[in-house]
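# Observations on the model geometry
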Amino acid sequence: MLRVGVLVSGGGTNLQAILDAEKAGRIRNAKVVFVLSNNSSAYALVRAKQAGIRTLCLSPAAFPDRASFHGALLETLQKEGLDLIVLAGFLVRVPEEVIRAFRGRIINIHPSLIPSFCGKGYHGIKVHEAALRCGVKVSGATVHVVDEELDHGAILLQRAVEVRDDDTPESLQRRIMEEAEWNLLPAAIDGIANGKLKWKEASERR
Ligand code: GAR
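As the structure is a computational prediction, the values presented were derived from the model and not from experiment.

Between the first and last C-alpha of helix α6 (residues 169–193) there are 34 Å, a value that for 25 residues agrees with the 36 Å anticipated at 1.5 Å per step. Along its length, α6 shows its largest kink, about 45°, at methionine 177.

Among the structural elements, glutamate 178 can be located in helix α6. Residues glutamate 178 and glutamate 22, 156 residues apart in the sequence, show an inter-C-alpha distance of 17 Å.

So, on to the pairing of strand β6 (residues 138–145). Judged by how many residues are buried, β6 sits mostly within the fold: seven of eight residues are covered. Both strand β5 (residues 106–110) and β6 contribute to a ladder of four bridges, which runs antiparallel. Within β6, the residue paired with asparagine 108 across the bridge is histidine 144. Pairing of β6 with strand β7 (residues 155–162) involves seven bridges; the strand directions are antiparallel. By the bridge assignment, valine 138 is partnered in β7 with glutamate 162.

Our next topic: the nonpolar core. Residues Val6, Val35, Val86, Ile107 and Ile189 are the most contacted members of the largest nonpolar core, which totals 40 residues. In terms of residues, this core owes the most to one element, α6, which gives eight residues. Within the second largest apolar cluster, 21 residues are counted, among which are Val33, Phe34, Leu73 and Phe90.

Scoring rules and cut-offs
- Along each chain, the written sequence defines residue order, and numbers are assigned to residues from 1.
- Totals for whole chains, interfaces and linings use all residues, but because this is a predicted model, local features are given only for residues with pLDDT of at least 70 and pairs of side-chain atoms are given and counted only at 80 or more.
- The basis for every side-chain value is the complete set of heavy atoms in the structure, and neither hydrogens nor water enter the calculation.
- Numbering of helices and strands runs from the N terminus, with a helix taken as a DSSP run of H or I at least four residues long and a strand as a DSSP run of E at least two residues long.
- The span you would expect from a helix comes to 1.5 Å times its residue count less one.
- Take the seven residues that end at a residue and the seven that start at it, fit an axis to each, and the angle between those axes is the bend at that residue.
- Buried, partly exposed and exposed residues are distinguished by accessible area as a fraction of the type maximum, computed with a 1.4 Å probe on protein chains only: under 20%, between the cut-offs, and over 50%, respectively.
- Here, a strand pair is defined by DSSP locating no fewer than two bridges between the strands.
- Residue types Ala, Val, Leu, Ile, Met, Phe, Trp, Tyr and Cys, when buried and joined through side-chain atoms within 4.5 Å, form a set referred to as a nonpolar core.

Written out as structure tokens, the structure reads:
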């Protein structure tokens, strides 16, 4: 049984999708045992508590400097004995020491078809604003392995979603969540836990 830790910053609909999939038997051989947030008012923490999962808030603002926040984050994740770390709307850049310690065992969901609309500054609603500005006819979501470059590591799963002429950033965000994200993230966890996912390390993509 893989011990899974989920890192969140906001509403936690992706966390909820994981918990629902676990309950429904769509995730086998993996279990969310820990949820961490950088934001004490994240609704995701309420969802985790309701499911009886241990939670912790580690806010960078509570530490004297970034290095001590990074040290505390690494120590916490190691202490939990996690086999897999899932970034589900975690809006803090994962420090290099954490990536090194959990190499190949951290995955992220991003609400676009990487390599479009990703990297610095592209998170949450901003991704969908950029997609609409650009006029793309298709967007979607990507689950990828986390490496030292933002939104860059090996792609595990992607799903395309139609962009409609009358979309607002909010309507596009919602459709991408419903049609892609809430399926992809549980599928990725199940795929990893059961040896079903094959991927190529990302080379010089950009
Ligand atoms: C999701 O759309 C996720 O893909 C995105 O934040 C949202 C979190 O929603 N992540 C990023 O933009 C990361 N670059 P949720 O808290 O309801 O799961």
